[in-house]
Amino acid sequence: MLDPEVKPSRAREVAHQGKGCLAVIVAAAVLLFGGFFVYDQSKGLLEGFGEIPDYPGPGTGSVTITIPEGATLNDIGDLLVADDVVKSVDAWDRAVRSEEAATSVQPGKYLMQQQMPAVDALGLLINPGSSRVRSEFTIQEGLRLSEQVSALAKGTKIKKSAFTKALDEPDELRLPKYAKNRPEGFLFPDTYELTEDATARSTLRQMVAQYKRVTDDIGLEADAKKIGRTPYEVLIVASIIEKEVNQDQYRAKVAQVLYNRLDEGMPLGLDSTVVYAEKLKTNTTTPEDRLSDSPYNTYLVDGLPPGPISAPGRAALEAAANPEKGDWRYFVTVNFETGETKFATTNTEFEQIRQEFQDYCRANPGTCDS
């Protein structure tokens, strides 16, 4: 039998404890729910603890960012995120808040990497140096090294003597190993962006780097191996193709002609190599020109010339590495105005297309150089 005096007292105690437990449960639920609420609705608290989406760096590849006149820091952040320079606008905002000089960013073009830490991206924009693009310059296909130097001096406003000096130290240009410190042919023709602190050496390195990117992209070294040539031999053939034809449809055929003649021990007999050797300003040569004692005279010296005779573009490099199968031994550009080129297998066929070229020259005085 329960003591009536004790029963009510225990009941109140139990009730009081129950209320305490309920309060603890309710408080825990509020905290737990509140924690999820903060996580879902206000990432700012977590971001304050270093969880803002940001790239670890150091960055990869390259991209040109154009900051227009009147762009705000928010606008710039949006541009950087859109081009995958920085990972999030939150990371950009944090970098901006931590840097008093953020407002000094100037409009213009900037050469940057992708996937950079936001603070590094901001640093490049504040202190552009190697990232601020001052101007653009274009080096066309088919120029010999000396012509490239002249074009570089004109396009970059860097002194010609500075380029000459840089070329005298080819081991500093980061050429491919198979170049063996011979820069002719390795300064890739393209349009480049010149940064604020560009030098002759950095500009040449930029062009060599582009050569490497293009040849890696087309698989030149692997393709050279497939056709039994060295990468340097393929480059030489590409340099000849660049000077001999200007229509894509003929490039791979010309490559096959050259390889066929090499395989059969036939002299290449190319005007373009003699033009290079004698520094001529013509497309054709005279009998006297073809008596040159230069190792580049492919009328008298068997095999490929010792090195490239021009800087070939991508199309010529691809053709040299992937010749079109055929038995042709000869080719003649029969019309310099249209670039039409004809091919022959036998000497008789060759004489016919050569006669066609001579008839064209007679009918178009001044078109043929000699």
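Residues numbered from 1 in each chain as written. Predicted model: local features only at pLDDT ≥ 70, side-chain atom pairs only at ≥ 80, totals over all residues. Heavy atoms only, no water.

Draft legend 1. Up close: the overall build of the chain. If you tally the helices and strands in the chain, you get 14 helices and 6 strands. Here the chain holds 370 residues, and 41% of them are scored as buried. Within the chain, residue pairs in contact and separated by at least 24 positions form 65% of the contacts whose partners lie at least 6 positions apart. Counting every atom, the chain has about 20400 Å² of accessible surface; 52% of that belongs to carbon and sulfur. (Helix = DSSP H or I, 4+ residues; strand = E, 2+ residues; numbered from the N terminus. Buried < 20%, exposed > 50% of the residue type's maximum accessible area, 1.4 Å probe, protein only. Contact = heavy atoms within 4.5 Å. Areas by Shrake-Rupley, 256 points an atom, 1.4 Å probe, with all protein chains shown as cover.)

Draft legend 2. Looking closely at a nonpolar patch on the surface. A cluster of nonpolar side chains, contributed by L291, Y299, L300 and V301, occupies part of the molecular surface with about 370 Å² of accessible area. In this structure, L300 sits in the loop between α12 (271-278) and α13 (314-321). Assessed through its relative accessible area of 54%, L300 is described here as exposed. (Patch = residues over 30% accessible without salt bridge, like charges linked within 9 Å, V, L, I, M, F, W, Y side chains within 5 Å. Salt bridge = Lys/Arg side-chain N within 4 Å of Asp/Glu carboxyl O.)

Draft legend 3. The environment of A151, seen in detail. Considering the arrangement of structural elements, one finds A151 in helix α6 (residues 145-156). Along the backbone, A151 and F137 are 14 residues apart, and their C-alpha atoms lie at a distance of 8.9 Å. With near-sequence residues (within four places) excluded, A151 lies in contact with I139 and L143.

Draft legend 4. Region of interest: the packing of aromatic side chains. Summed over all chains, the structure comprises 10 aromatic pairs. When the centroid spacing of 5.0 Å and the interplanar angle of 70° are considered together, the rings of F186 and Y211 count as edge-to-face. Of this pair, F186 sits in the loop between α7 (160-167) and β4 (191-195) while Y211 sits in helix α8 (residues 200-218), placing them 25 residues apart in sequence. On the basis of an interplanar angle of 35° and a centroid distance of 6.3 Å, the ring pair of F331 and F343 is categorised as tilted. You can see F331 sitting in strand β5 (residues 330-333) and its partner F343 sitting in strand β6 (residues 341-344), a full 12 residues away along the chain. (Phe/Tyr/Trp six-rings, centres within 6.5 Å; stacked < 30°, edge-to-face > 60°.)

Draft legend 5. The sheet that holds strand β1 (residues 60-67), seen in detail. Pairing is antiparallel across the open sheet formed by 4 strands, whose spatial order is β1-β2-β3-β4. In this open sheet, the two strands that pair with only one neighbour each are β1 and β4. Pairs of neighbouring strands in the sheet enclose a mean axial angle of 45°, with direction left out of account. Pairing of β1 with strand β2 (residues 108-114) involves 6 bridges; the strand directions are antiparallel. Within β2, the position partnered with I65 by the bridge is Y110. (Pairing = 2+ DSSP bridges. Axes fitted to C-alpha atoms, helices over the stretch in contact; angles between N-to-C directions.)

Draft legend 6. Quick look at the pairing of β4. In terms of burial, β4 is a largely internal element, 4 of the 5 residues being buried. In terms of strand pairing, strand β3 (residues 132-138) meets β4 through 5 bridges, oriented antiparallel. Bridge pairing in β4 places S135 opposite L194.

Draft legend 7. Looking closely at the pattern of salt bridges. Tallied over the full model, the rule gives 14 salt bridges. Note that D248 and R251 form a salt bridge whose closest N and O atoms lie 2.8 Å from each other. Here the residue D248 and the residue R251 both occupy positions in helix α11 (residues 248-263), the gap between them amounting to 3 residues, near one helical turn. E356 is the partner of K342 in a salt bridge, and the nearest nitrogen-oxygen pair spans 2.9 Å. You can see K342 sitting in strand β6 and its partner E356 sitting in helix α14 (residues 347-363), a full 14 residues away along the chain. Classification of E356 by relative accessible area gives partly exposed; the value is 31%. Salt bridges sharing partners connect three or more residues here, namely D217, R314 and E318.

Draft legend 8. Region of interest: unusual backbone geometry. Here the amide bond leading from G57 into P58 is cis, since omega sits at 5°, within 30 degrees of zero. In the Ramachandran plot, K157 falls in the positive-phi region, its phi being about 70° despite a non-glycine side chain. Mapped onto the elements, K157 comes out in the loop between α6 and α7. Since its relative accessible area comes to 71%, K157 is described here as exposed. For K180, which is not glycine, the phi dihedral falls at a positive 50°.

Draft legend 9. Inspection of α14 at higher detail. With 17 residues, α14 ought to run about 24 Å at 1.5 Å a step, and its terminal C-alpha atoms sit 24 Å apart, in line with that. Here the buried face of α14 lies against β5 and β6. (Expected span 1.5 Å × (residues − 1).)

Draft legend 10. A look at α8. Between the first and last C-alpha of α8 there are 28 Å, a value that for 19 residues agrees with the 27 Å anticipated at 1.5 Å per step. Looking only at α8, the buried set comprises A200, T203, L204, M207, V208, Q210, Y211, V214, T215 and I218. For α8, the angular spread of buried residues about the axis comes to 150°, placing them on one side. In α8, the exposed positions that point more than 90 degrees away from the buried face belong to D216 and D217. (Arc of directions from axis to C-beta.)

Draft legend 11. Spatial organisation of the environment of G185. Turning to its location among the elements, G185 is positioned in the loop between α7 and β4. Taking relative accessible area as the criterion, G185 reaches 1% and is therefore assigned buried.

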